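# Remarks on the overall topology
Listed here are the chains, written in short residue letters.
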Protein chains: 4
Amino acid sequence: MTDFQAAILHQVGQPLAIGRVTIDRLERGDVLVRIMASGLCHTDLEVIDGSLAYPMPIILGHEGAGVVEAVGEGVEDIAAGDHVVASWNPHCGHCFYCRRDQPILCEPFTWHQPRGHLLDGASRLRAGAQAVHHFSVVSSHAQYAVVPRSGAIRVPREIPFDRACLIGCGVMTGVGAAVRVAAVQAGATVAVIGCGAVGLNVIQGARLVGAGTVIGIDRDAARRDLARTFGADLAIGAVGEDVDAGVKAATAGRGADYVFEAAGSAEGFRLATEITRPGGQLVFLGKVNVSQDVSFRWGALMGEKKITRSSYGGARPERDFPWLARCYLDGKLKLDELITARLPLARINDGFDAMRRGQTIRTVVQPWDAAGSP
Amino acid sequence: MTDFQAAILHQVGQPLAIGRVTIDRLERGDVLVRIMASGLCHTDLEVIDGSLAYPMPIILGHEGAGVVEAVGEGVEDIAAGDHVVASWNPHCGHCFYCRRDQPILCEPFTWHQPRGHLLDGASRLRAGAQAVHHFSVVSSHAQYAVVPRSGAIRVPREIPFDRACLIGCGVMTGVGAAVRVAAVQAGATVAVIGCGAVGLNVIQGARLVGAGTVIGIDRDAARRDLARTFGADLAIGAVGEDVDAGVKAATAGRGADYVFEAAGSAEGFRLATEITRPGGQLVFLGKVNVSQDVSFRWGALMGEKKITRSSYGGARPERDFPWLARCYLDGKLKLDELITARLPLARINDGFDAMRRGQTIRTVVQPWDAAGSP
Amino acid sequence: MTDFQAAILHQVGQPLAIGRVTIDRLERGDVLVRIMASGLCHTDLEVIDGSLAYPMPIILGHEGAGVVEAVGEGVEDIAAGDHVVASWNPHCGHCFYCRRDQPILCEPFTWHQPRGHLLDGASRLRAGAQAVHHFSVVSSHAQYAVVPRSGAIRVPREIPFDRACLIGCGVMTGVGAAVRVAAVQAGATVAVIGCGAVGLNVIQGARLVGAGTVIGIDRDAARRDLARTFGADLAIGAVGEDVDAGVKAATAGRGADYVFEAAGSAEGFRLATEITRPGGQLVFLGKVNVSQDVSFRWGALMGEKKITRSSYGGARPERDFPWLARCYLDGKLKLDELITARLPLARINDGFDAMRRGQTIRTVVQPWDAAGSP
Amino acid sequence: MTDFQAAILHQVGQPLAIGRVTIDRLERGDVLVRIMASGLCHTDLEVIDGSLAYPMPIILGHEGAGVVEAVGEGVEDIAAGDHVVASWNPHCGHCFYCRRDQPILCEPFTWHQPRGHLLDGASRLRAGAQAVHHFSVVSSHAQYAVVPRSGAIRVPREIPFDRACLIGCGVMTGVGAAVRVAAVQAGATVAVIGCGAVGLNVIQGARLVGAGTVIGIDRDAARRDLARTFGADLAIGAVGEDVDAGVKAATAGRGADYVFEAAGSAEGFRLATEITRPGGQLVFLGKVNVSQDVSFRWGALMGEKKITRSSYGGARPERDFPWLARCYLDGKLKLDELITARLPLARINDGFDAMRRGQTIRTVVQPWDAAGSP
Ligand SMILES: [Zn+2]
Ligand SMILES: [Zn+2]
Ligand SMILES: [Zn+2]
Ligand SMILES: [Zn+2]
Ligand SMILES: [Zn+2]
Ligand SMILES: [Zn+2]
Ligand SMILES: [Zn+2]
Ligand SMILES: [Zn+2]
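Residues numbered from 1 in each chain as written. Chains lettered and ligands numbered in written order. Predicted model: local features only at pLDDT ≥ 70, side-chain atom pairs only at ≥ 80, totals over all residues. Heavy atoms only, no water.

## Regarding the sheet that holds strand β2 (residues 17-23) of chain A
Residues and elements named next belong to chain A.
- Here five strands make up a closed barrel; going around it, the order is β1-β2-β7-β8-β4 and the pairing mixed.
- Sheet topology places strand β7 (residues 125-127) next to strand β8 (residues 130-134); three bridges connect them, and they run antiparallel. Among the inter-strand pairings, Leu 125 is bridged to a residue of β8, identified as Val 132. (Pairing = 2+ DSSP bridges. Helix = DSSP H or I, 4+ residues; strand = E, 2+ residues; numbered from the N terminus.)

Dropping the structure here:
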């Protein structure tokens, strides 16, 4: 029996409570991971604040890295001691969507995940007598997590855990949006609305595949500076600035070949359609409440434009996570610059507070101290 | 000098006036076509009613077929006597968009077309001393038209002109949306919103490439009958019917693999996003006023959906028009059933009146009587 | 314990021997299928004749249809009584190739299959004390077969078993080559070299997705007649005929847009490259011995041509088998015409003899008599 | 009348002769370019040595850069003083292939080019009374060249002519093969056979779009060093080395995801098929005599591999040349390292001699001295 500390959300609007959780036994296909670092993502905050509904109590966190501690029956290609990053999109490999090459829509995943369960429809987590829910089949804001085999992705041992964990959500989502989803053509012009964790990774993803001019757009001056650090040729979007005119000026009046919305606001979606050139491609990465209306000027949807929604950057984690780790180790991908703060698990609420104030790119919690103790 | 009858729009909101027009001479690259049949399309009506602004006076009509009468300098691969269908998307072959395989966005075309000019920026049409404007580089509601070489597409002589002309807009737009733009996969489920000329052609296009279940959606019972005639397995959409539930029932609860909006209304666009399955593809064919807002439930845009706007079905007219004519001649494409009425040019306003009343699929005007005289 | 009749190959070059085989128990993920019909495919013959090496004794047959009799642990989405067609490409869903959308190359499959084992590396079949090998993870020339869950594909109950079984190899391979692998464009010209079971299905697959001119090529007059029956506009290839000239004559001198080699000969491969137009696409479906050399005129490989090898028509069996069955039931796919003879299992060697003489398209063995007894 | 020095090939096997050539007048659509630098390409040598037949006398050279001196009638979007790189694939924009997005196969181009003519079927070049032929619609081994508008591609003025000229053939062909034709996926493994001008550019093209491991293969040690300079992680291929084993060792035994043959030998083509992983993609860039046979082990063509022939890297010169120039100016593309020697036009035969000895990557001739005089 594994008994460990975890940050538990008991009720919407409350702070996370550090408590003890147990895992009684591993089922077939399970992988038990000792979590060494876990990134705080905006989606966690949506659950805390109630805009995204999940069953409680729940352990949040879906951007985790650590070491395999044990495996369940039938798991033969990964072993205790392996370094892994969690994928929040484990998939069955055989459903309607898996056999159409869209594992992100895997039916067991989309059925069980919102119910706070693993892919077999059950929870492994317990606080005393009470079942605790899994979040996005990861729950990494804890000292241990149980994930399905296809959610535990081996990465090179050389990459430190605090940087590795970022690959699991924000980096994959942003880099993948440019590289896998839009498949940005070398030489093309790219505009990115919203230069937070995802947007900055879109920028560096576009750079990685040879984009021409890259334009970062953000109201916040510090984020515009970061956009330049991550490879934007141009960073605009200060309050009062005419962004549409700025993009047109940089693109011979046509608009950008590719536009990525990573701000997650109705204004961002609308702006994105206005600054895409005729025949261009636009990817929605941000999100608002599912029941909220978003509106567009019809003329901005014309001109043979293509719009794609992507939630995980076209991730194929077994292919992409080791590659992204390798890019970091080879100096082609910036991860250090994404980390605003490192905190012990006990201070996780401070991290969410900073996120609410818009002061962070990524906060990483480390559930064990340097000596390997909690 | 060619002197002929044409239906001229002098002012928004007025009926077309039959008047005499002259063409003094052909310029380099021009093709003079004796128009034998010209279809009335909803886009013409938008100009008459003022929702689409064009310079006046203008000769409408962009769905024409006829016989080449003469050619200008440098035109060597088409000759007097050839049967042709007009393409409303002549293109230069060398601009920013042409060299990115998007001739529909050709820059000389998109610059000169809205100004009522041919691709060289001039008009060839004159009514007495006054210049008359070209409409969409075609102007087929007349006994003659001058079009650029790339707008005159040779078709087999066996296809009658009244059916051939339809290929030039509605048929290409609808069939092409299914076959070229969405590239509907054999076996896939297709839903079509709006079963007018374009929607019916989406249906038969989907059939042509082996679609599985095809669902036609229209409020009008007569159009739902036509949808079945053109190949829909199911036709729904009566007032009061729950369309969303109907589509879900036919698709194991998922929504359609491909959805085409061919109704041109804000409600249609919105419905389209709701009935597309996660990971599905959606094509906007209809249109509303460019400055009008259209709105969507954010949740309906999620789920990895792809949205494409298409205005001409991915047309490559030299490849597609002869192929579509051949499909008709081989019994694989219905054209006869699209024609509601045939009228002499002098009665063209009756055709637009019927269109306003929603009573037609296509009216075709024939500018010459059976004896070949006007 | 299941005890049943099977046709067993004990040694290369010998006739199959009808013997009794037992299955002791089903393992996790197994599906036990009562085989009602099994098609004789050329690949079986390659094993009998020794050009394709497999461990012995082995039960051949990889094109089978029947009824689910029982399922192993963990199989929940298929049940006794379901009608199924066997897929000879079960896949793991998670290996290097599966996560690159190439399940045909699945690593557990390509490792265990040539060794005569199921995907877990073991055999379930025993003749007395001796282990018997599985062929292509199917072994349908028998009254029962054990296949992995992803190798048992449910199809509508309305399709008779003798026609259903064909979907499992020849139909999928041929139709899929046109529809999924080459994705033949509507209106395009298609040439098919070799009008046996696979070639005829390429022809009807091309028709299904709206191909323009389809040309069947075979030396045998009866097969050229069949090519016309399956939808070829033109059938050529008699001994002494200039095939290259014939194809060029039908394609304005350019060659075909798509060429499929389904004859499986070095001459066929070479011819295929010669009759593909510049910029055209060519698919190799036939095969010769893996160690045999095939040669081409370099000039015939130039001109921006694309060549693809496909062994199973880009099959996604769960998506494609029910769709193909539905096409047959809707009258869009010919299966009856593919069946040359039906034989009881005991006469299976007669079927292979006829195949050796080139007299058959497909022979189907039926391991149970009309009364359901062997 | 323009009267200038040119290197003329009068007969196969002879050295080029420096002589005087005249251009009497520009026709419609012509662009007269003062050539400042012209690269020596292997294709030139094939003509000199007779393995590629062209009409004589002829001015070779198809990799040229210079300044627009004058333009013919109808040329309005380029002007005297513009810096240009010649494209050896001008195209009509409207033929069978141009409207299928394959301008490299443009029919007027493929008809007139081998006849030594411009796209209108005539020559503009004369030596005394004798017509002189154009080579690949460029003929840049001279002080002036006449090219069609679509063969004169404007580039930034900042790039020096001797580096700019390389973009016109070897750089475009190599970089484009990786970036446009194969569309190498970020993270993928790439092997390049033959590390001359084209192969080195494949290597840097693969790097530009984020390839993972890149392997250069060449028998020559100096070229293997260059491969490393241009970005190969590994360079193998010394005489006696087992290349197949080397590639497999670097790719977990599978073979490379992408393989490019840029050596132009029957052995190279054969090796390429052996080292491509199942499901991988292979591009033939090199060439041998069109009538020569090339052979493959059938087994090496299996495994769902794709083979594409490309001759110009999927070039869209107006999109790609300015982009490549910009990459050079931004330090992302190596051009300086490609230039082995610079020679005055009068010493051009020395350049071809060095090429015959295999001692060069690129020799560039400069037809004007530093003072701008010949
Ligand atoms: Zn996240
Ligand atoms: Zn799944
Ligand atoms: Zn229209
Ligand atoms: Zn254009
Ligand atoms: Zn078979
Ligand atoms: Zn697999
Ligand atoms: Zn060259
Ligand atoms: Zn052309």
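Next, the rest of the story.
## A few points about the pairing of strand β11 (residues 190-193) of chain A
All names here are of chain A.
- Here β11 shows two buried faces, one formed by Val 190 and Val 192 and the other by Ala 191 and Ile 193.
- Judged from the four bridges that link them, β11 and strand β14 (residues 256-261) form a sheet pairing that is parallel. Opposite Ile 193, over in β14, you have Glu 261 as the bridge partner.
- Taken together, the four bridges between β11 and strand β12 (residues 214-217) define a ladder with parallel strand orientation. (Buried < 20%, exposed > 50% of the residue type's maximum accessible area, 1.4 Å probe, protein only.)

## Examining the relation of the copies chain A and chain B
- Between chain A and chain B, the superposition needs a rotation of 180 degrees and an axial shift of 0.0 Å, giving an RMSD of 0.0 Å. Given the turn and translation reported, the copies of this chain are related as if by a two-fold rotation axis. For chain A, the smallest separation between a C-alpha atom and the rotation axis is recorded for Ser295(A), amounting to 2.0 Å.
- The share of interface residues of chain A whose copies in chain B are also at the interface is 100%, consistent with both copies meeting through the same surface. (Least-squares fit on C-alpha atoms with pLDDT ≥ 70 in both. Contact = heavy atoms within 4.5 Å.)

## A look at the packing of aromatic side chains
- This model, assessed by the stated rule, comprises 38 aromatic pairs over all chains.
- Plain terms: the ring middles of Tyr54(A) and Phe135(A) are 4.9 Å apart, the flat faces sit at 75 degrees to each other, and that makes the pair edge-to-face. Of the two residues, Tyr54(A) sits in the loop between α1 (42-49) and β4 (58-59) while Phe135(A) sits in the loop between β8 and β9 (144-148), which places them 81 residues apart along the sequence.
- The class for Tyr54(A) is buried, based on a relative accessible area of 15%.
- Arranged with centres 5.5 Å apart and planes meeting at 70 degrees, the rings of Phe4(B) and Tyr144(B) form a pair that is edge-to-face. Residue Phe4(B) is found in strand β1 (residues 2-9), and its partner Tyr144(B) is found in strand β9 (residues 144-148); the two are separated by 140 residues along the sequence. Each of the two residues, Phe4(B) as well as Tyr144(B), counts as buried.
- Counting every residue linked through ring pairs, the aromatic cluster contains Phe269(A), Phe284(A), Phe296(A), Trp298(A), Phe269(B), Phe284(B), Phe296(B) and Trp298(B).
- It is Arg115(A) that lies over the ring of Trp111(A); its NZ or CZ is 3.6 Å from the centre. (Phe/Tyr/Trp six-rings, centres within 6.5 Å; stacked < 30°, edge-to-face > 60°. Lys NZ or Arg CZ within 6 Å of the ring centre and 35° of its normal.)

## Let's talk about the sheet that holds strand β8 (residues 130-134) of chain C
All names here are of chain C.
- Taken together, five strands build a closed barrel; the order of strands is β1-β2-β7-β8-β4 and the barrel is mixed.
- Both strand β2 (residues 17-23) and strand β7 (residues 125-127) contribute to a ladder of two bridges, which runs antiparallel. Note on β7: the bridge partner recorded for Ile 23 is Leu 125.

## Things to note about the coordination of the zinc ion (ligand 7)
Residues and elements named next belong to chain D.
- Within the first shell, the zinc ion (ligand 7) binds the protein through Cys 41 (SG), His 62 (NE2) and Cys 169 (SG), at distances of 2.1 to 2.2 Å.
- Coordination of the zinc ion (ligand 7) draws on donor residues from a single chain, spaced C-x20-H-x106-C in sequence. Here the residue Cys 41 occupies a position in the loop between β3 (30-39) and α1 (42-49), and Cys 169 occupies one in helix α3 (residues 161-181), the gap between them amounting to 128 residues.
- Among the residues examined, Cys 41 registers a relative accessible area of 7% and is labelled buried. (Donors = N, O, S within 2.8 Å, 3.2 Å for Na, K, Ca; no water.)

## A closer look at the coordination of the zinc ion (ligand 3)
- Taken together, the protein ligands of the zinc ion (ligand 3) are Cys41(B) (SG), His62(B) (NE2) and Cys169(B) (SG), with distances of 2.1 to 2.2 Å.
- Since its relative accessible area comes to 7%, Cys169(B) is described here as buried.

## Things to note about the interface of chain C and chain A
- Each side of the interface is counted separately: chain C has twelve residues, and chain A has twelve residues.
- Between chain C and chain A, roughly 1200 Å² of surface is buried when both sides are summed, and carbon and sulfur atoms account for 47% of that area.
- The partner of Arg99(A) in a salt bridge is Glu318(C), with the nearest N and O atoms 4.0 Å apart.
- Across the contact surface, chain C and chain A share eight residue pairs in polar contact (both at pLDDT 80 or more).
- The residue inventory of the side of chain C that touches chain A, partitioned by class, reads one nonpolar, four polar and seven charged. (Buried area = accessible area lost by both parts, 1.4 Å probe. Salt bridge = Lys/Arg side-chain N within 4 Å of Asp/Glu carboxyl O. Polar contact = N/O pair within 3.5 Å; in protein donor to acceptor, adjacent residues only side chain to side chain. Nonpolar A, V, L, I, M, F, W, Y, C, P; charged D, E, K, R; others polar.)

Fair warning: the whole summary comes from geometry, so function is off the table for now.
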